[in-house]
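Chain by chain, the residues run as shown.
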Amino acid sequence: MTRPGSGSSPPPLSQARRRKRNPLPTVLGITALLGLAGFIAFGNLNRSLEYFVTPTEYQQQAAQLQGRPVRIGGLVKAVKYDPQSLDLRFTVTDGSASFPVQYRGAVSDLFKENQGVVVRGEFEGQTFQARELIVKHSEQYDVPKTQAELRDLLEQSE
């Protein structure tokens, strides 16, 4: 022990030790937030899903899909379109099963008999009331290589 005035200085104090933080609460907090976000996202997802089925699949699953918005895909048959009233009636088929479809609205030039289509809507009785038509288009697209080919393409589209 040193006396005051004896000329020697007191020993230096050691630095305070920093307390190490435990990472467990931070990891648990982040995990809980991610879990909650996932639950909210995927929990509501099932209510808003719209299924894409063929007419045959719809017949097999009619009890589960009844009253839900659904998308049905197949080929177009027996088209009746009135351009004045924009009333469209046709049959969608997959070769095994068929359903009559009603739609009101403008129709794409690509919509025609024996063309692939996906219709979104709901069944009312035995008739499918479509809110949206998605027409399958050609998967081939050739870029015109010459001015003559481009001119021919433009003339065909008029």
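An unreviewed UniProt entry annotates the protein as Cytochrome c-type biogenesis protein CcmE of Deinococcus malanensis. On record in UniProt, under Function (unreviewed entry), the comment for the protein is "Heme chaperone required for the biogenesis of c-type cytochromes. Transiently binds heme delivered by CcmC and transfers the heme to apo-cytochromes in a process facilitated by CcmF and CcmH." Regarding the protein, the UniProt comment filed under Sequence similarities (unreviewed entry) reads as follows: "Belongs to the CcmE/CycJ family."

Asks: Can you break down the overall build of the protein residue by residue, with the values?
Replies: The number of helices and strands found in the protein is 4 helices and 6 strands. When the elements of the protein are put in sequence order from the N terminus, they spell out α-β-α-α-β-β-β-β-β-α. Sorting the 158 residues of the protein into buried and exposed places 20% on the buried side. In the protein, the proportion of contacts linking residues at least 24 apart, taken out of those at least 6 apart, comes to 43%.

Asks: Quick rundown of the environment of Asp94? Include the residues and the values.
Replies: Looking at where Asp94 falls in the secondary structure, it is placed in the loop between β3 (87-93) and β4 (98-104). Accessibility expressed as a relative area gives 30% for Asp94, which makes it partly exposed. Once residues lying within four places of it in the same chain are set aside, the contact partners of Asp94 are Thr54, Pro55 and Thr56. Engagement of the side chain of Asp94 in a polar contact is seen with the side chain of Thr56, the distance being 2.6 Å.

Asks: A description of unusual backbone geometry should follow, citing residues and the corresponding values.
Replies: Unlike most non-glycine residues, Ala78 shows phi in positive territory, near 50°. As for its placement among the helices and strands, Ala78 is situated in strand β2 (residues 70-82). In this structure, Asn114 is a non-glycine residue whose phi angle is positive, near 65°. By the element assignment, Asn114 lies in the loop between β4 and β5 (116-124). Take Asn114: its relative accessible area is 48%, and that puts it in the partly exposed class.

About the criteria used
- Residues numbered from 1 in each chain as written.
- Predicted model: local features only at pLDDT ≥ 70, side-chain atom pairs only at ≥ 80, totals over all residues.
- Heavy atoms only, no water.
- UniProt positions renumbered as here; feature names shortened; annotations may be inferred.
- Helix = DSSP H or I, 4+ residues; strand = E, 2+ residues; numbered from the N terminus.
- Buried < 20%, exposed > 50% of the residue type's maximum accessible area, 1.4 Å probe, protein only.
- Contact = heavy atoms within 4.5 Å.
- Polar contact = N/O pair within 3.5 Å; in protein donor to acceptor, adjacent residues only side chain to side chain.

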